[in-house]
Amino acid sequence: MAYANPNPHTIAIIGGGVSGTLTAFHLAQQRQLRARIIVINPRPDFGLGLAYSTPSMRHLLNVPAGKISALPDQPDHFLRWLRANHDPEATPETFAPRAVFGRYIQHIFAQTRGVETWQGSVTDCRLTPGGARLTLEDGRRLHADRVVLALGNFDPAPLPGIAPQAENTGLYCHNAWKAGAYAGLAPDDPITVIGTGLTAVDVLLRLRETGHRGIITAVSRHRIFPTRHAPYTPLADSAIPLDTPPTCVAYLRAFRAALHNGAEWRAAVDSLRATTNDLWLRLPLGERKRFRRHLQRRWDVVRHRMAPPIADTIQSELSSGTLVVRQGRVSGVALYDNQALVTLDTHAGPDAFTTTRVINCTGPSLNYRRVASPLFKKLFDQGAVSAGPLGGGLRATRSGAIIDALGRPSDTLFTLGPARLGTLIESIAVPEIRNQAADLAHTLTVSLHRQSSLQEEEVIAS
């Protein structure tokens, strides 16, 4: 797709997952845009990212096909593609494999004209007057007028108490998405996963797919798995009106009032989709912290639900005893007699047990100061980016402009997707990402058009 482009501006998109490729797609549709569009990705498989590069067809979307179109103005786009390319009998309620959705994103990107793809990792980004200079790990350099950080998800945050020997021998796997997490296991080996969220569910499904039949122990402070999708009658209005006083207690009371008035809880949760971020941004910082401490996990298990077939599998495993949940916090993983010794802090005191392998399923880290990214280290060192007010993600405006260490919105750096969890509460699902990508493409087009107009005026004046 690479070619010489005489356009006067350059937009560099760092990251070739769903966020990056959809942004490139929408940029390519902007008729007023005169810019070279370059997507830079470490891997050759543009359009997949972490979630959709899974090899397992058992990993299903947690949004039905009728609600997960990649194009905001064509709500049935994915469903039509799914019927034509994978499942002719698919309905709006079908939960398709994530790998198939990845093929769908790749199909969209393959049809996008006027976009260059570079394979490589960006290790440095230096702001310059009117733009930024990017350096790739292989020494290539690129000047861009606008830079979009679409870096997706990073490895989980380090856990305390993990002995180097446990990790070096493979008894402890820090990243559940690496192939090594499933290598060298006997069918009856006892496995332990840390967490009971969607990543832990993915790991269980993958283990069973590879022939594992032993007991899987899930360690969690809450012992709660995500809830299941089920049909419901949608609400006409949001369960929490926007004029609700901005406190956690007031929001919770409004939500409970909707349930008391007969709303099904799934309908009440999904009625908030269009206003969740607005409600979140209205909360003072202290209330957001209170939500994180007391309500975040409850929200996650009802908001990010499992497809019914997956929920059935989890329930069957729990009922048969092949999936066991232990409540507590992992305080250590050590090597003991060629096994992993897991130590827990529980309400009853310390506890310990041995297992063949421990897989970290705690989810991606949002502490970008500590992730293994030379690019983020350089950006933080420059003061070009800043963490969100709760310490994770990046601070950004509603349009996606990154806010620097001095509190100034950037004219050059923009972001979308997981990084915007620094300021938003919803920013990782396709319905949010597709809207952010379309809006950001428009923002960048207007910004560069204005810059071109000013430059032309300066030439005329001189």
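Predicted model only: the values in this text are computed from it and were never measured.

S.K.: Can you lay out the overall build of the chain for me, pointing to particular residues and giving the numbers?
M.R.: Tallying secondary structure elements over the chain gives 13 helices and 17 strands in all. Rg of the C-alpha trace for the chain: 23 Å, near the compact-globule value of 23 Å for 462 residues, within the 12% margin. Structurally, the chain occupies a C-alpha span of about 80 × 55 × 50 Å along its principal axes. Taken across its 462 residues, the chain has 51% of its residues classed as buried. For the chain, the proportion of contacts with a sequence separation of at least 24, taken over those separated by at least 6, is 69%. Surface exposure of the chain reaches about 21500 Å², of which carbon and sulfur atoms provide 52%. Here the chain holds 50 positive side-chain charges and 38 negative ones, and the gap between their average locations is 3 Å.

S.K.: Pulling in residues and values, what's your account of the pattern of salt bridges?
M.R.: In total, this model carries 20 salt bridges according to the counting rule given. Arg80 serves as the salt-bridge partner of Asp76, at 3.3 Å between the closest nitrogen and oxygen. Exposure remark for Asp76: the relative accessible area of 36% places this residue in the partly exposed category. Judged by its relative accessible area of 41%, Arg80 is partly exposed. A salt bridge links Asp381 to Lys377; its shortest N-O distance comes to 3.0 Å. In this pair, Asp381 and Lys377 are both assigned in helix α12 (residues 374–382), 4 residues apart and thus about one turn of the helix distant. An identical accessibility class is assigned to Asp381 and Lys377; each is exposed.

S.K.: Pulling in residues and values, what's your account of the nonpolar core?
M.R.: Nonpolar side chains tend toward joint burial in soluble globular proteins. With 44 residues, the main nonpolar core has Ile11, Ile13, Leu27, Phe78, Phe101, Tyr104 and Val148 as its most contacted residues. Put simply, the parts of the chain that give this core at least two residues each are β1 (9–14), α1 (18–28), β2 (35–41), α2 (77–85), α3 (98–110) and α13 (430–461).

S.K.: How would you summarise the sheet that holds strand β7 (residues 146–149) if you had to cite specific residues and measurements?
M.R.: What the 6 strands build is an open sheet, ordered β3-β2-β1-β7-β17-β16; its pairing is mixed. Whereas interior strands pair on both sides, the edge strands pair on one side only; in this sheet they are β3 (115–119) and β16 (401–403). The sheet shows a mean angle of 35 degrees between the axes of neighbouring strands, direction not considered. In the sheet, β1 pairs with β7 via 4 bridges, with the strands oriented parallel. Counted as the bridge partner of Ala12 is Val147 from β7.

S.K.: Just give me the short version of the packing of α1 against α3, but keep the residues and values in it.
M.R.: Packing of α1 against α3 brings their axes to within 9 Å, and their N-to-C directions diverge by 30 degrees. Relative to α3, the element α1 is oriented roughly parallel. Helix-helix and strand crossings are classified by hand; for α1 and α3 the assignment is left-handed. On the side of α1, the interface is formed by Val18, Thr21, Leu22, Ala24 and Phe25, while α3 contributes Ile105, Ile108 and Phe109.

S.K.: For the sheet that holds strand β6 (residues 141–144), give the residues involved together with the corresponding values.
M.R.: Pairing is antiparallel across the open sheet formed by 3 strands, whose spatial order is β4-β5-β6. Looking along the sheet, the strands with just one partner apiece sit at the ends: β4 (122–128) and β6. On average, each strand axis in the sheet is inclined to that of its neighbour by 20 degrees, with strand direction left out of account. Sheet analysis places β4 next to strand β5 (residues 131–136), joined by 6 bridges and oriented antiparallel. The residue bridging Arg126 from the neighbouring strand is Arg133, located in β5.

S.K.: If you had to explain the packing of helix α9 (residues 285–294) against helix α10 (residues 296–303) to someone new, which residues and values would you point to?
M.R.: Two elements in contact, α9 and α10, have axes whose closest approach is 4 Å; the angle formed by their N-to-C orientations is 65 degrees. Between α9 and α10, the interaxial angle falls into the category roughly perpendicular. Together, Phe291, Arg292 and His294 of α9 and Gln296, Arg298 and Trp299 of α10 make up the contact between the two elements. Class assignment for the residues of the contact of α9 with α10 results in 2 nonpolar, 2 polar and 2 charged.

S.K.: Now, about the side chain of Thr196: what can you tell me, with residues and values included?
M.R.: Residue position: Thr196 is located in the loop between β9 (191–194) and α5 (198–209). Taking relative accessible area as the criterion, Thr196 reaches 3% and is therefore assigned buried. Among the polar contacts listed, one links the side chain of Thr196 to the side chain of Ser220, at a separation of 3.3 Å. Engagement of the side chain of Thr196 in a polar contact is seen with the side chain of Arg297, the distance being 3.2 Å. Among residues more than four places away in sequence, those in contact with Thr196 are Ala218, Ser220, Arg223, Ile224, Phe225, Pro226, Arg297 and Val325.

S.K.: Kindly report on the confidence of the model for the chain, identifying the contributing residues and their values.
M.R.: With 97% of its residues at a pLDDT of at least 70, the chain reaches an overall mean of 94. Every residue in residues 1–5 is under pLDDT 50, and counting partners more than four places away or in other chains gives 12 contacts.

About the thresholds
Residues numbered from 1 in each chain as written. Predicted model: local features only at pLDDT ≥ 70, side-chain atom pairs only at ≥ 80, totals over all residues. Heavy atoms only, no water. Helix = DSSP H or I, 4+ residues; strand = E, 2+ residues; numbered from the N terminus. Rg over C-alpha atoms; globule rule 2.2 N^0.38 Å. Buried < 20%, exposed > 50% of the residue type's maximum accessible area, 1.4 Å probe, protein only. Contact = heavy atoms within 4.5 Å. Areas by Shrake-Rupley, 256 points an atom, 1.4 Å probe, with all protein chains shown as cover. Lys, Arg positive; Asp, Glu negative; His and termini not counted. Charge placed at Lys NZ, Arg CZ, Asp CG, Glu CD. Salt bridge = Lys/Arg side-chain N within 4 Å of Asp/Glu carboxyl O. Core = buried A, V, L, I, M, F, W, Y, C linked by side-chain atoms within 4.5 Å. Pairing = 2+ DSSP bridges. Axes fitted to C-alpha atoms, helices over the stretch in contact; angles between N-to-C directions. Parallel < 35°, antiparallel > 145°, perpendicular 65-115°, else oblique. Left-handed = near helix turned anticlockwise from the far one by under 90°. Nonpolar A, V, L, I, M, F, W, Y, C, P; charged D, E, K, R; others polar. Polar contact = N/O pair within 3.5 Å; in protein donor to acceptor, adjacent residues only side chain to side chain. pLDDT = per-residue confidence, 0-100.

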